[in-house]
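Architecture at a glance
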Amino acid sequence: QVLLVESGGGLVQAGGSLRVSCAASGRTFSNLVMGWFRQAPGKEREFVAGIGWIAGSTYYADSVKGRFTISRDNAKNTVYLQMNSLKPEDTAVYYCAADRSNVVGMASVFYGYWGQGIQVTVSS
């Protein structure tokens, strides 16, 4: 079992930055593939970013590429999502996800563990 707890969300103005964190417990963190997803009201949950066991293997949705950065600190069992140049359309509940596979999936079905979600609101 893996427990994921997100933190760091909130309200920010367009063009601003925010970093959300996800602390994992319950399993060797370094063996987990980690991902961030988001879900806006009335929309389906969508992939934002993912990171493999090796921190250099990162993947991003086209909508956030160049603005968001995913990273992990295996010593702290934590994955981060640094969000820069935020836009109102980035407003959503952001979810941290984890899986024991060795492939970074870009669909929610590939992840077996989920956090409770955290609200990020970008005002125009």
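Small disclaimer: the values here were computed from a predicted structure and weren't measured.

Side chains that carry opposite charge are capable of pairing whenever their charged atoms lie near each other. All told, the structure shown has 4 salt bridges when counted by the stated rule. The closest approach of N and O atoms between arginine 38 and glutamate 46, which form a salt bridge, is 2.6 Å. For glutamate 46, a relative accessible area of 36% puts it in the partly exposed group. For aspartate 62, the salt bridge is made with lysine 65, and the minimal N-O distance between the two is 3.1 Å. On the accessibility criterion, aspartate 62 (66% relative accessible area) is exposed.

Looking now at the state of the cysteines. By definition, a disulfide links the sulfur atoms of two cysteine residues through a covalent bond. A complete count under the given rule lists 1 disulfide for this structure. A disulfide bridge connects cysteine 22 with cysteine 96, and the sulfur atoms are separated by 2.1 Å. Between cysteine 22 and cysteine 96 the disulfide shows an S-S torsion of about -80 degrees. By sign, it is left-handed. Highlighted residues: cysteine 22 in strand β3 (residues 18-25) and cysteine 96 in strand β9 (residues 92-99), separated in sequence by 74 residues. Each member of the pair cysteine 22 and cysteine 96 is classed as buried.

What counts, and at which threshold
Note that residues are indexed from 1 along each chain, following the sequence as it is written. Local features in a predicted model are, by the rule used here, given only for residues with pLDDT of at least 70; side-chain atom pairs are given and counted only at 80 or more, and totals for whole chains, interfaces and linings are based on all residues. Calculated side-chain values reflect all of the structure's heavy atoms, with hydrogen atoms and water omitted. Counted as salt bridges are all cases of a side-chain nitrogen of Lys or Arg within 4 Å of a carboxyl oxygen of Asp or Glu. Burial classes: relative accessible area under 20% of the type maximum marks a residue as buried, over 50% as exposed, and values in between as partly exposed (1.4 Å probe, protein chains only). We call a pair of cysteine sulfur atoms a disulfide whenever their separation is within 2.5 Å. In this description a helix means any DSSP run of H or I spanning at least four residues, a strand means any run of E spanning at least two, and both kinds are numbered starting from the N terminus.

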